[in-house]
Amino acid sequence: MDCCSTSSSLLTLSQALDKLLSQVEPVGQTELISLTQAANRITAQAITSPLNVPPFDNSAMDGYAVRRNEVTESAVLPVAGKAFAGQPFHGEWPAASCIRIMTGAPIPAGTDAVIMQEQAEIQENGVSFTAMPKAGQNVRLAGEDIRQGAEVLPAGSKLGVAQLPLLASLGVAQVTVHRRLKVALFSTGDELQTIGQPLQEGQIYDTNRFAVRLMLEKLDCEVIDLGIIRDNEAAIRDAFAKADVQADVVITSGGVSVGEADYTKQILDEMGKISFWKLAIKPGKPFAFGQLSHALFCGLPGNPVSAALTFYQLVQPLLMKLSGYSQWQKPRQISVKTTTALKKTPGRMDFQRGILSSNAQGELEVKTTGHQGSHVFSSFSQGNCFIVLEQERGPVAAGEWVTVEPFNSLLES
C-alpha cells in the first residue's frame, strides 16, 4: 500500500513548503559578469559604493550661490561668474558678489546657501533677493544620498530595472552573481503530442511542458528540454539518468499519480529518495519532491492547472532559494468579499482562480472565473488571483469573506 494513500498522511501546503525548503541551499558557484549582462541575476555578495553620491557638493536649484553674511534686504550683489552642471566656476569670487548657478553644478568654495531664481530680482548692477537664505539652503552635500563604502545592495538581491541603473550611477561595471540554475524538463505520456503536430486518436497537446518552460525562463533558469518521454520504463529511466547529470533540478510533468503506466515513483525509488508524494491541496494533490543522485526532483501533476499551480506554489520558491535569492516572500494575501458562490468540499485547501477588481465604491471584491476543473487552463488567462479556501471549509455563499492571493509576476500578463 502506498504510504501516502490515506487522507491523514497528506501534507498541507505549508508543511510541504517547509520540508522542501529545508533541503535546499543556494548553489555555491559564482561568476563575474558585466553590468550589461546582469539583468535578472542574483548578487552573490554585498555591493558597496566606490564613491559618494553625489560625489561633490552641488546645487539643488537654478539660482544664485551666495555667502549668507553678504545678503541683506537692501543688498544688490554683482554676478561674478556662472556655474553649470559639468562646467564648475573656477574664477576669483570677489567679496559682496554672487555666482549664477544651475541645478547639479558644483558649489563654489565659500558658498553656504543657494537662493532660487524665483526669489531673485535682476537689477541694473546685480541681483537683489526677496528672501533671506538659511544655512545650507538648496545645497546637496557630497555623500548625502550614498556614502562611499556603504552597502547599496545585499547579497541575494535580484538585479532589475531599479538596481542596475543605481549600480551604473556608481560606476560599477561588473558584479559577482550566482550562476544560473540548470533545470531539466520533460513530460511523460503516450497521449501527448508536440505542439504544432497533428493530433492522433486519443492524443492531447503537451501544453504543460510549454507552460513550465515559460515560467522557468521568467525565473531566468537555463532550461534543458528533453521533450516528451513515452510510457516506457526504460525510456523514462534513461531520461532521469541524463537529466540528473546535467541539471540542478529535474522537473517532470505527468506520471506522478497511481496509474498502471506511471513508472516515475518506481524509478525514483531506485535512483533516489522521495521526500513526499501527495498534498492536501486542490488542484495539485499528486505532487512529488525528492532527491536524485545529483539533482533535486519535482514531479508535477499531469493536469494543466495542477501543474501550473504546484509549480507556482512550490517549485517557484524552491528555485528562488536555490538561485541564492534572499528576498523571496510568500505571496501576499488579502481578505475580500466574493460576489459569486464558490463550490468547495472540506478536506483539501482549494486554490480557485478568480478575478479581483474594485467596485463602484472603490472596495476590492472577487468573483470566480467559472468552471474550476484542473484541465481548464483558460482560467489563468481570465483570472488575476487565487481564491484560497481553507482546508476544512465547505461551500461559500456570495457575500462571504474569502482569502485572495493576487498573482505575482510569474503569472501576470
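None of the values given here were measured: they were computed from a predicted structure.

## Concerning the overall build of the chain
Each helix and strand in the chain was counted, giving 7 helices and 26 strands. The globule rule puts the C-alpha radius of gyration for 413 residues at 22 Å, and the 31 Å found for the chain is more than 25% above it. With 413 residues in all, the chain has 47% of them scored as buried. In the chain, 71% of the contacts between residues at least 6 apart in sequence involve partners at least 24 apart. Summed over its atoms, the accessible surface of the chain is roughly 20,000 Å², and 51% of this surface lies on carbon and sulfur atoms. Where the 34 positive side-chain charges of the chain centre and where its 41 negative ones centre are 3 Å apart.

## Things to note about the pattern of salt bridges
Applying the stated criterion across every chain yields a total of 13 salt bridges. For Asp220, the salt bridge is made with Arg180, and the minimal N-O distance between the two is 3.7 Å. Of this pair, Asp220 sits in the loop between α3 (207-218) and β16 (222-229) while Arg180 sits in the loop between β12 (174-178) and β13 (182-188); the two residues are 40 residues apart in sequence, bridging distant segments of the chain. If you follow the salt bridges from partner to partner, you end up with Asp206, Arg209, Arg213, Glu217 and Asp225 in one network.

## Observations concerning the packing of aromatic side chains
One pair of aromatic rings is described through two measures. These are the centre distance and the angle between the planes. Scanning the entire structure with this criterion turns up 11 aromatic pairs. Ring centres of Phe186 and Phe240 lie 5.3 Å apart, and the angle between their planes is 80°; this geometry places the pair in the edge-to-face category. Here Phe186 is found in strand β13, whereas its partner Phe240 is found in helix α4 (residues 233-246), with 54 residues between them in sequence. Classification of Phe186 as buried rests on a relative accessible area of 0%. Measuring from ring centre to ring centre gives 6.1 Å for Phe276 and Phe287, while their planes differ by 35°; the resulting arrangement is tilted. Here Phe276, found in strand β18 (residues 273-276), pairs with Phe287, found in the loop between β19 (281-282) and β20 (288-291); they are 11 residues apart in sequence, far enough to count as distant. A relative accessible area of 3% places Phe276 in the buried class. In this structure Phe287 comes out as buried when scored by relative accessible area, which is 0%. Aromatic ring contacts, followed pair by pair, group Tyr312, Phe351, Phe380, Phe386 and Phe407 into a single cluster.

## What to know about the sheet that holds strand β4 (residues 63-66)
Strand order in the open sheet formed by 4 strands is β5-β6-β4-β7, with mixed pairing between adjacent strands. The sheet terminates laterally at β5 (79-83) and β7 (113-116), the two strands that pair on one side only. Averaged over all pairs of adjacent strands, the angle between strand axes in this sheet comes to 30°, irrespective of strand direction.

## Here's the deal with α3
A turn of α-helix holds 3.6 residues, and therefore any two residues three or four places apart point the same way. Over its 12 residues, α3 extends 17 Å from the first C-alpha to the last, a length consistent with the 16 Å expected when each residue adds 1.5 Å. Every buried residue of α3 is accounted for by Asn208, Arg209, Ala211, Val212, Met215 and Leu216. When α3 is viewed along its axis, its buried side chains cluster within an angular range of 165° and face the same direction. Summarising the contacts, the buried residues of α3 are in contact with β13, β16, β17 (249-253), β21 (296-300) and α6 (304-322). Looking one or two residues beyond α3, the residue adopting positive phi is Asp220, at roughly 65°.

## Observations concerning empty space enclosed by the protein
One way to see where empty space is left: roll a probe the size of a water molecule over the atoms. Taken as a whole and judged by the stated rule, the model has 1 cavity of 30 Å³ or more. Considered as a void within the structure, the largest cavity measures approximately 120 Å³ in volume. Along its surface, the largest cavity is lined by 14 residues, and Asn40, Ile42, Leu219, Asp220 and Ser323 are the ones closest to its centre. Considering only residue class, the lining of the largest cavity consists of 6 nonpolar, 3 polar and 5 charged.

## Observations concerning the nonpolar core
Judged by nonpolar contacts, the single largest core of 46 residues is most densely connected at Leu216, Ile251, Phe287, Phe311 and Leu319. When contributions to this core are tallied by element, the ones reaching two or more residues are α1 (13-22), β13, α3, β17, β21, α6 and β25 (385-389). Top contributing element to this core by residue count: α6, with 12 residues. Counting residues in each nonpolar core, the second largest holds 17 residues, with Ile224, Ile229, Ala243 and Trp277 among its members.

## Observations regarding the confidence of the model for the chain
Residues with a pLDDT of 70 or more make up 95% of the chain, whose mean pLDDT is 92. Segment residues 1-6: pLDDT under 50, and 11 contacts once partners within four positions in sequence are set aside and those in other chains are kept.

## Thoughts on α1
When we look at burial in α1, the residues that qualify are Leu13, Ala16, Leu17, Leu20 and Leu21. The buried residues of α1 occupy an angular sector of 120° when projected down its axis, which confines them to one face. Contacts made by the buried residues of α1 are with β18, β19, β20, α6 and β23 (349-358).

What counts as what
- Along every chain, residues carry numbers that run from 1 in the direction the sequence is written.
- Only residues with pLDDT of 70 or above have their local features reported here, since the model is predicted, and side-chain atom pairs are shown and tallied only from 80 upward, although totals for entire chains, interfaces and linings are computed over all residues.
- Processing note: side-chain calculations cover all non-hydrogen atoms of the structure and skip hydrogens and water entirely.
- In this description a helix means any DSSP run of H or I spanning at least four residues, a strand means any run of E spanning at least two, and both kinds are numbered starting from the N terminus.
- Our radius of gyration is a C-alpha quantity, and the globule rule it is checked against amounts to 2.2 Å times the number of residues to the power 0.38.
- For every residue, the accessible area obtained with a 1.4 Å probe (protein chains only) is divided by the maximum for its type, and the residue is called buried under 20%, exposed over 50%, and partly exposed between those limits.
- We call two residues contacting when some pair of their heavy atoms lies within 4.5 Å.
- Methods summary: accessible areas were calculated by the Shrake-Rupley approach with a probe of 1.4 Å, and residue burial reflects only the protein chains presented.
- Only four residue types enter the charge count: Lys and Arg as positive, Asp and Glu as negative, with His and the chain ends excluded.
- By convention, the point assigned to a charge is CZ for Arg, NZ for Lys, CD for Glu and CG for Asp.
- Salt bridge, as used here: a side-chain nitrogen of Lys or Arg that lies within 4 Å of a carboxyl oxygen of Asp or Glu.
- Think of it this way: a Phe, Tyr or Trp ring, Trp meaning its six-membered ring, pairs with another when their centres are within 6.5 Å, and the plane angle makes it stacked under 30 degrees, edge-to-face over 60, tilted otherwise.
- A strand pair is defined by DSSP finding two or more bridges across the two strands.
- A fitted line through C-alpha atoms represents every axis, and for helices the fit uses only the stretch in contact; the resulting angles, taken between N-to-C directions, go from 0 to 180 degrees.
- Every helix has an expected span of 1.5 Å times one less than the residues it contains.
- Taken from the helix axis, the directions to the C-beta atoms give the arc we talk about.
- Buriedness for pockets is judged along seven lines, at least five of which must meet protein on both sides within 12 Å for an open set on the 1 Å grid over protein atoms alone, while cavities are sets there where a 1.4 Å probe fits but cannot get out, and lining residues have an atom within 4 Å of a point.
- Grid points are joined across faces, edges and corners, and a volume is the space filled by probe spheres set on the points.
- Polar here means any residue other than Ala, Val, Leu, Ile, Met, Phe, Trp, Tyr, Cys and Pro, which are nonpolar, and Asp, Glu, Lys and Arg, which are charged; Gly is therefore polar.
- What we call a nonpolar core is a set of buried Ala, Val, Leu, Ile, Met, Phe, Trp, Tyr and Cys residues that are connected through their side-chain atoms within 4.5 Å.
- For every residue, the predictor assigns a confidence score, pLDDT, that lies between 0 and 100.

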